[in-house]
Amino acid sequence: TPLFPMPADLEQPELNSNAETVLVKRYLRKDEEGLAKETPTELFWRVASSIAAEEAKYEKSPWKPEDLARTFYDMMINGLFLPNSPTLMNAGTPLGQLAACFVLPVPDSIEGIFDSLKHAALIHKSGGGTGFSFSRLRPAGARVGTTGGIASGPLSFMRIFNTATEQIKQGGVRRGANMGILRVDHPDIIEFITAKECEGEFNNFNLSVALTQEFMEQVEAGESYELYDPRDGRVRGRLEAAQVFDMLVQKAWASGDPGIIFLDRINRDNPTPAQGEIEATNPCGEQPLLPYEACNLGSVNLASFVTEDEKGVQTLNTEHLAEVVHLAVRFLDDVIDASIYPLDDIAEMVHKNRKIGLGVMGWADCLYALGIPYDSEEALELGEEIMDLVQRESRIASRLLAEERGAFPTYEESVYKKRGEGPYRNATTTTIAPTGTLSILAGCSSGIEPCFALSFTRNVLDGEKLVEVNPVFARFVERTVSDPAQQQAILDHVRRTGRLKDCPDAPEDLERVFRTAMDVSPWSHLAMQAAFQRFTDNAVSKTVNLPNEATEDDIREIYLEAYRQGVKGVTVYRDGSKTGQVLCTGEGA
Ligand code: ADP
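Here the structure is a predicted model, which is why all the values come from computation and not from measurement.

Chemist: How should I be thinking about the overall build of the protein in this particular structure?
Modeler: The number of helices and strands found in the protein is 21 helices and 18 strands. A compact globule built from 589 residues should have a C-alpha radius of gyration of about 25 Å, and the protein, at 24 Å, falls within 12% of that. Across its three principal directions, the C-alpha atoms of the protein cover 75 × 65 × 55 Å. Sorting the 589 residues of the protein into buried and exposed places 48% on the buried side.

Okay, structure coming up:
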């Protein structure tokens, strides 16, 4: 039963059929027979009311919880803002675990490793994703003190985490996701880089190599570098930096794995260095966290802030956006209090730093509606402007919350205090998540990615396939192309190929605006990531798409440029490369 009775006059959510399917399959609460025991309206009310109920304990809150619940509800069903999946699934339920992102430490002991494994299982069960740094584990071949035996190294333990995830996902709400990180100066780095060579190996892991500024300088200078035993810092080997870098490039070319993260950059932006060093991120890379820290995310849908005036001119309503950002920060801060964490250590860390990650989705749709090409200066400038606004307003909101409820407890030791900023309620406020499922629920393009295609095929119930055209595009064609035959030809081409490329009937400016991921150059992908990163506390989830014919040199250039542009990590994907993986069987595969 919801915390506040559901008002009779609530507006019903309007969901497209994909959103409806996802909601029914994955989000609505089920009874023992697996039948839905709530409606979409009840789901959003459950979430809105249980989060708003947290306001009651803050005397200075300007909100009556019932009124705030209604405001939160409207914000979600109108597709303006959605919290991350675990909040939608678990708010107001006995499980009550609401955060998507966790980082767990993996200490160099059997006890420590298996504790971490158990904690990961509990987190996966609740729909959260886990990131780990395996850099503390002694290398393969090192002596084990207590038995005199030989250690098997990080890779062998990672395999156990992968298998455990596989088992948990059978019964869980989502298939578990992990990030595995190893420092580039760990003696087992080569095994790590080649770990996913065989199809299916580490299938429940994203892998990233943690690079340091020193390493990048050694690559550029053509120098070798030392590998260290993490236990005592003793030198265990030496590798040519450029060769290791080439190998990373080659692997990224062949399969997209592993990715890279720039660890110094991440720690340069660590708001609470007194609480420790950041070693890892969550599974998709957008949320660097301290060991035992968790973070809940939420996203505003930029497309839903585009309004049309009487003359049909589209503009972005920034005042409305700012207003929603303030509400979203309040929402996410309340989520911290409402969430039940699977471990006391995690609850303690979360309550100390109170990190939240507000981001954006629907960016490509927003650009479509405004008629601005994704790969243009104008798009980069607008992106910066919007994210600057989100960042600024979220900080203001967090400062106002601090006045109301107190600063995050480690504020006094934080970088903000040193800079004379704040006090804030939250150590970070912004993160750009992939919004894989949220964007389906909101019916918009995901995160800051360009649209993958202008049309997509949907399987309807009786096995029939239905091709749907992006609605913003369809409307734009109707509005701007006056000849119905030409309209038809353009839509047919898009239905067939998913893009406007080589469409003889499309006016040039139409093709220029309605770009898809594959029409946009890798440089434009990267530039967009960098533009949003400049105004984001945490990191930005973004894939740099490359055409199939891209070379290793192209990827090398992207990596070097990414480093120069100051992003915190890069994920590249060369079209069709995953299928090129070899099939391995037997030992160690
Ligand atoms: P959503 O749209 O479902 O809220 P995102 O695609 O934005 O989720 O991913 C955000 C974060 O949620 C990821 O980086 C990861 O930490 C976590 N996450 C995503 N998918 C899964 C999954 N299948 N299992 C566990 N955690 C996940």
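Moving on, there is more to tell.
Chemist: I'm lost on the pairing of strand E8 (residues 259-262) in this one. Help?
Modeler: On E8, burial covers both faces: Gly259 and Ile261 on one face and Ile260 and Phe262 on the other are all buried. Looking at chain direction, strand E5 (residues 205-211) and E8 are connected through four bridges and run parallel. Within the sheet, the bridge partner assigned to leucine 211 lies in E8 and is phenylalanine 262. For E8 and strand E18 (residues 569-574), the ladder comprises two bridges, and the chain directions are antiparallel. By the bridge assignment for E18, isoleucine 261 is matched with glycine 569.

Chemist: In this structure, what is going on with the site of the ligand? I would like to understand it.
Modeler: Among the 21 residues in the neighbourhood of the ligand, the closest are listed as Ser85, Ala100, Gly129, Cys284 and Gly436. Residues belonging to the shell around the ligand are distributed by class as follows: nine nonpolar, nine polar and three charged.

Chemist: Can you help me understand the environment of isoleucine 110 in this one?
Modeler: Tracing the chain through its elements places isoleucine 110 in helix H5 (residues 110-125). Isoleucine 110 gets classed as exposed once you count the C-beta atoms within 10 Å, which come to 11. A C-alpha to C-alpha distance of 42 Å links isoleucine 110 and threonine 551, two positions 441 residues apart in sequence.

Chemist: Help me out: how do you make sense of the packing of helix H9 (residues 241-255) against helix H21 (residues 552-565) in this one?
Modeler: Between two packed helices, the angle of one axis relative to the other and the distance separating the axes together describe the packing. Where H9 contacts H21, the two axes come as close as 9 Å, and the packing angle between them is 115°. Between H9 and H21 lies a crossing of right-handed hand. Taken together, the residues of H21 that come into contact with H9 (itself represented by Val249, Gln250, Ala252 and Trp253) are Glu552, Ile555, Arg556 and Tyr559. Residues that form the contact of H9 with H21 fall into these classes: five nonpolar, one polar and two charged.

Chemist: Help me understand the nonpolar core, please; the structure alone is not making it clear to me.
Modeler: Note on soluble globular proteins: their nonpolar side chains tend to be buried together. With 150 residues, the main nonpolar core has Ala48, Ile51, Phe72, Met76, Val209, Leu211 and Ala328 as its most contacted residues. For this core, the element with the highest residue contribution is helix H11 (residues 318-338), accounting for nine residues. The residue makeup of this core includes at least three contributed by each of domain 1 (1-78) and domain 2 (453-513). By size, the runner-up hydrophobic cluster in this structure holds six residues, among which are Ala407, Phe408, Tyr416 and Tyr424.

Chemist: Teacher, can you tell me more about the domain arrangement of the protein here?
Modeler: A common measure of how large an interface is: the accessible area buried when the components associate. With domains assigned, the protein is organised as domain 1 (1-78) and domain 2 (453-513). On a C-alpha basis, the centroid separation for the pair domain 1 and domain 2 is 35 Å.

Chemist: For this particular structure, what's the right way to read helix H18 (residues 484-497)?
Modeler: Structural remark: α-helix, 3.6 residues per turn; residues separated by three or four positions point the same way. Its 14 residues place the ends of H18 20 Å apart at the C-alpha level, agreeing with the 20 Å of an ideal helix rising 1.5 Å per residue. Listing the buried residues of H18 in full gives Ile490, His493 and Val494. Within H18, the buried residues cover an arc of 95° as seen down the axis, which keeps them to one side. Turned more than 90 degrees off the buried face of H18, the exposed positions are Pro484, Ala485 and Arg496. Glycine 498 occupies a position one or two residues after H18 and carries a positive phi of about 80°.

Chemist: Just checking my understanding: could you explain unusual backbone geometry for this structure?
Modeler: Negative phi characterises most residues that are not glycine, and trans characterises most peptide bonds. A cis amide bond links aspartate 257 with the next residue in sequence, proline 258, at an omega value of -10°. For the peptide bond that leads from glycine 422 to proline 423, omega is -5°, which places it in the cis range. Among the secondary structure elements, proline 423 is positioned in the loop between helix H15 (415-419) and helix H16 (438-442). Here the phi dihedral of aspartate 502 falls at roughly 60°; this positive angle occurs in a residue that is not glycine. Residue placement: aspartate 502 occurs in the loop between H18 and helix H19 (508-513).

Chemist: Quick question: what am I supposed to make of the packing of helix H20 (residues 522-533) against H21 here?
Modeler: Viewed as axis vectors pointing N to C, H20 and H21 meet at an angle of 20°, and their least axial separation amounts to 11 Å. With respect to each other, H20 and H21 are oriented roughly parallel. Seen from above, H20 lies across H21 with right-handed handedness. Taken together, the residues of H21 that come into contact with H20 (itself represented by Pro522, Leu526 and Ala530) are Asp554, Ile558, Glu561, Ala562 and Gln565. A per-class count over the contact of H20 with H21 returns five nonpolar, one polar and two charged.

Chemist: Help me understand the pairing of E18, please; the structure alone is not making it clear to me.
Modeler: The side chains of a regular strand alternate, first on one face of the sheet and then on the other. By the criterion of burial, E18 is predominantly enclosed, with five of the six residues buried. Pairing of strand E17 (residues 543-546) with E18 involves four bridges; the strand directions are parallel. Bridge pairing in E18 links valine 544 to valine 572. Handedness of the crossover is the feature at issue here: the chain leaves E17, passes through H21, returns alongside E18, and the resulting connection is right-handed.

Chemist: Looking at this structure, I do not really get helix H12 (residues 344-353). What am I missing?
Modeler: Every buried residue of H12 is accounted for by Ile346, Met349, Val350 and Asn353. Axial view of H12: buried residues confined to an arc of 100°, hence all on one face. Those residues of H12 that are exposed and aimed more than 90 degrees away from the buried face are Asp344 and Glu348. Buried positions along H12 lie against strand E2 (101-104), strand E11 (294-301) and H11. Arginine 354 sits one or two positions beyond H12 and adopts a positive phi of about 50°.

Chemist: Help me understand the environment of glutamine 213 in this model?
Modeler: Mapped onto the secondary structure, glutamine 213 falls in helix H8 (residues 213-221). The spacing of glutamine 213 and arginine 265 is 52 residues in sequence and 8.3 Å in space, taken between C-alpha atoms.

Chemist: What is the right way to look at the environment of threonine 93 in this model?
Modeler: Position of threonine 93 among the secondary structure elements: in the loop between helix H4 (85-90) and E2. Note on threonine 93: 14 C-beta atoms within 10 Å, which makes it partly exposed. Once the C-alpha coordinates of threonine 93 and valine 47 are considered, the two residues, 46 residues apart in sequence, prove to be 9.3 Å apart.

Chemist: Sorry if this is basic, but what is going on with the confidence of the model for the protein here?
Modeler: Low pLDDT means the predicted atomic positions in that stretch should not be read closely. On average, residues of the protein score 92 in pLDDT, and 96% of them reach the 70 mark or higher. Here the predicted complex scores 0.95 on pTM and 0.92 on ipTM.

The rules we used
Residues numbered from 1 in each chain as written. Predicted model: local features only at pLDDT ≥ 70, side-chain atom pairs only at ≥ 80, totals over all residues. Helix = DSSP H or I, 4+ residues; strand = E, 2+ residues; numbered from the N terminus. Rg over C-alpha atoms; globule rule 2.2 N^0.38 Å. Buried ≥ 20, exposed ≤ 12 C-beta atoms within 10 Å, placed from the backbone. Pairing = 2+ DSSP bridges. Near = placed C-beta within 6 Å. Nonpolar A, V, L, I, M, F, W, Y, C, P; charged D, E, K, R; others polar. Axes fitted to C-alpha atoms, helices over the stretch in contact; angles between N-to-C directions. Left-handed = near helix turned anticlockwise from the far one by under 90°. Contact = placed C-beta atoms within 7 Å. Core = buried A, V, L, I, M, F, W, Y, C linked by C-beta atoms within 7 Å. Domains from an automatic or database assignment. Expected span 1.5 Å × (residues − 1). Arc of directions from axis to C-beta. Parallel < 35°, antiparallel > 145°, perpendicular 65-115°, else oblique. Right-handed = clockwise from strand over helix to strand, strands pointing away. pLDDT = per-residue confidence, 0-100.

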